[in-house]
Amino acid sequence: MAPVALLSHGETSLTLLHHRVLQLTLPGNRRIRLLAVDAHDDDVGVAGVVVGAATDVGRLRTINEDGYLAISPAFVVVDGMGGHAAGRMATQVALDSLYSLAGTTVTDVGTVVRSVMAAQEAIVAIPSHAAYLPGATIAGVVLAWLEDEQGVTRPTWIIFNIGDARVYLRRDNMLSQVTRDHSRFQILIETGELTPEQARRDPRRNIVTRALGGGIADSGVPDLYTVPVAAGDRFLI
């Protein structure tokens, strides 16, 4: 298939390259392949998932502080904070905790919440005397089997985040942001103090108001969204 442009803003664009491969192009023509989750119906009518994942160290750091879990039914991105060693360690212990979701059948939202809270506890327990404590933001999607209002068990996406890590859903050729950022950027926009364009240049734009660890007092309970599965759903995390 020919590349399909999904989003474009100045020098930044998001392009569907081929089936489930998404490419983010940033200023300076820097390109990053991203975690994409694609749902389809197999021959017996059961929802199936295909996933692609990659991270990039970026232009400012020499060590990658990001990581991901991409083992069905859990698809999660963790963005470490606190400097090279601290951010990398925070990401690792968080993913170790979240690995409890891999290969399981999730039947309630509480399972996801407990895994994220365990990740929070693991990060806080990291010994550190540095000025910037280990921390992380997190976003993800879990394919669960939940009862609907009629008591029928159906495949359902559990979408969650803490911090400014995001989940986007592409459905019916429309790409929309599902999660809400926990950041000064978001507050400045919601209060009308700044326009979205002004906020992108504001020095407070990278300040998060929620995180796992990082010296931020947080419950570790993520924002949660449940969305019934539809064939052709595609997530960008």
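Residues numbered from 1 in each chain as written. Predicted model: local features only at pLDDT ≥ 70, side-chain atom pairs only at ≥ 80, totals over all residues. Heavy atoms only, no water.

Regarding the overall build of the chain
Line of reasoning, step 1. Counting its regular elements, the chain contains four helices and 15 strands.
Line of reasoning, step 2. Taken across its 237 residues, the chain has 41% of its residues classed as buried.
Line of reasoning, step 3. Pairs at least 24 apart in sequence give 52% of the contacts found in the chain among residues at least 6 apart. (Helix = DSSP H or I, 4+ residues; strand = E, 2+ residues; numbered from the N terminus. Buried < 20%, exposed > 50% of the residue type's maximum accessible area, 1.4 Å probe, protein only. Contact = heavy atoms within 4.5 Å.)

Concerning the nonpolar core
Line of reasoning, step 1. If you look at the biggest cluster of nonpolar residues, it comprises 25 residues, and the most contacted ones within it are V76, V78, L98, I138 and V142.
Line of reasoning, step 2. Broken down by secondary-structure element, the contributors of at least two residues to this core are β8 (74-81), α1 (84-98), α2 (109-124), β9 (135-147) and β10 (153-162).
Line of reasoning, step 3. Sequence-distant contacts of V142, defined by excluding residues within four places in its chain, comprise P73, A74, L101, V106, V112, T156, W157, I158 and F160.
Line of reasoning, step 4. In terms of nonpolar packing, the next biggest core, distinct from the first, is built from 14 residues, V141, W157, A165 and V227 among them. (Core = buried A, V, L, I, M, F, W, Y, C linked by side-chain atoms within 4.5 Å.)

Digging into the packing of aromatic side chains
How two aromatic rings sit relative to each other is set out by the distance from centre to centre and by the angle between their planes.
Line of reasoning, step 1. Counted under the stated rule, the structure contains one aromatic pair.
Line of reasoning, step 2. Taking 4.9 Å as the distance between ring centres and 75° as the angle between the ring planes, the aromatic pair formed by W157 and F235 counts as edge-to-face. You can see W157 sitting in strand β10 and its partner F235 sitting in strand β15 (residues 234-236), a full 78 residues away along the chain.
Line of reasoning, step 3. For W157, a relative accessible area of 0% gives the class buried. (Phe/Tyr/Trp six-rings, centres within 6.5 Å; stacked < 30°, edge-to-face > 60°.)

What about the pairing of strand β11 (residues 168-171)?
Line of reasoning, step 1. With four bridges joining them, β11 and strand β12 (residues 174-177) adopt antiparallel strand pairing. Note that in β12 the partner of Y168 across the bridge is Q177.
Line of reasoning, step 2. The turn linking β11 back onto β12 is made up of two residues, and D172 within it adopts a positive phi angle of 55°.
Line of reasoning, step 3. Direction of pairing for β11 relative to β15: antiparallel, over a ladder of three bridges. Note that in β15 the partner of R170 across the bridge is R234. (Pairing = 2+ DSSP bridges.)

Let's talk about the pattern of salt bridges
Line of reasoning, step 1. One pass over the structure, following the stated rule, counts seven salt bridges.
Line of reasoning, step 2. Of the charged contacts, one joins D148 and R154 as a salt bridge, the two residues approaching to 2.6 Å between their closest N and O atoms.
Line of reasoning, step 3. Of the residues examined, D148 reaches a relative accessible area of 24% and is grouped as partly exposed.
Line of reasoning, step 4. Notably, a salt bridge pairs R210 with D218, separated by 2.6 Å at the nearest N-O pair.
Line of reasoning, step 5. Sharing partners across several salt bridges, the network here consists of R210, D218 and D223. (Salt bridge = Lys/Arg side-chain N within 4 Å of Asp/Glu carboxyl O.)

Notes on the environment of R170
Line of reasoning, step 1. Positionally, R170 belongs in strand β11.
Line of reasoning, step 2. Look at R170 and you get buried, because its relative accessible area is 16%.
Line of reasoning, step 3. Among the polar contacts made by the side chain of R170, one reaches the side chain of N173 at a distance of 3.3 Å. (Polar contact = N/O pair within 3.5 Å; in protein donor to acceptor, adjacent residues only side chain to side chain.)

Describing the side chain of D218
Line of reasoning, step 1. Mapping D218 onto the fold places it in the loop between β13 (212-213) and β14 (223-228).
Line of reasoning, step 2. On the basis of relative accessibility, which here comes to 16%, the residue D218 falls in the buried class.
Line of reasoning, step 3. Within polar-contact distance, the side chain of D218 engages the side chain of R210 at 2.6 Å.
Line of reasoning, step 4. Non-local contacts of D218, meaning those with residues more than four positions away in its chain, are made with Q120, I162, R210 and A211.

Quick notes on the confidence of the model for the chain
Line of reasoning, step 1. Confidence along the chain averages 82 in pLDDT terms, with 77% of residues attaining 70 or more.
Line of reasoning, step 2. Note on residues 43-47: pLDDT under 50 across the span, and seven contacts to partners over four residues away in sequence or across chains. (pLDDT = per-residue confidence, 0-100.)

Brief notes about α2
Line of reasoning, step 1. Spanning 16 residues, α2 covers 23 Å between terminal C-alpha atoms, matching the ideal 22 Å at 1.5 Å per step.
Line of reasoning, step 2. The set of residues buried in α2 consists of V112, V113, S115, V116, A119, Q120 and I123. Each buried residue of α2 sits inside an arc of 160° when the element is viewed along its axis, so together they form one side. Among the exposed residues of α2, those oriented more than 90 degrees off its buried face are R114, E121 and V124.
Line of reasoning, step 3. Capping of α2 at its N-terminal end is provided by D108; its side-chain oxygen lies 3.1 Å from the backbone amide nitrogen of G110. (Expected span 1.5 Å × (residues − 1). Arc of directions from axis to C-beta.)

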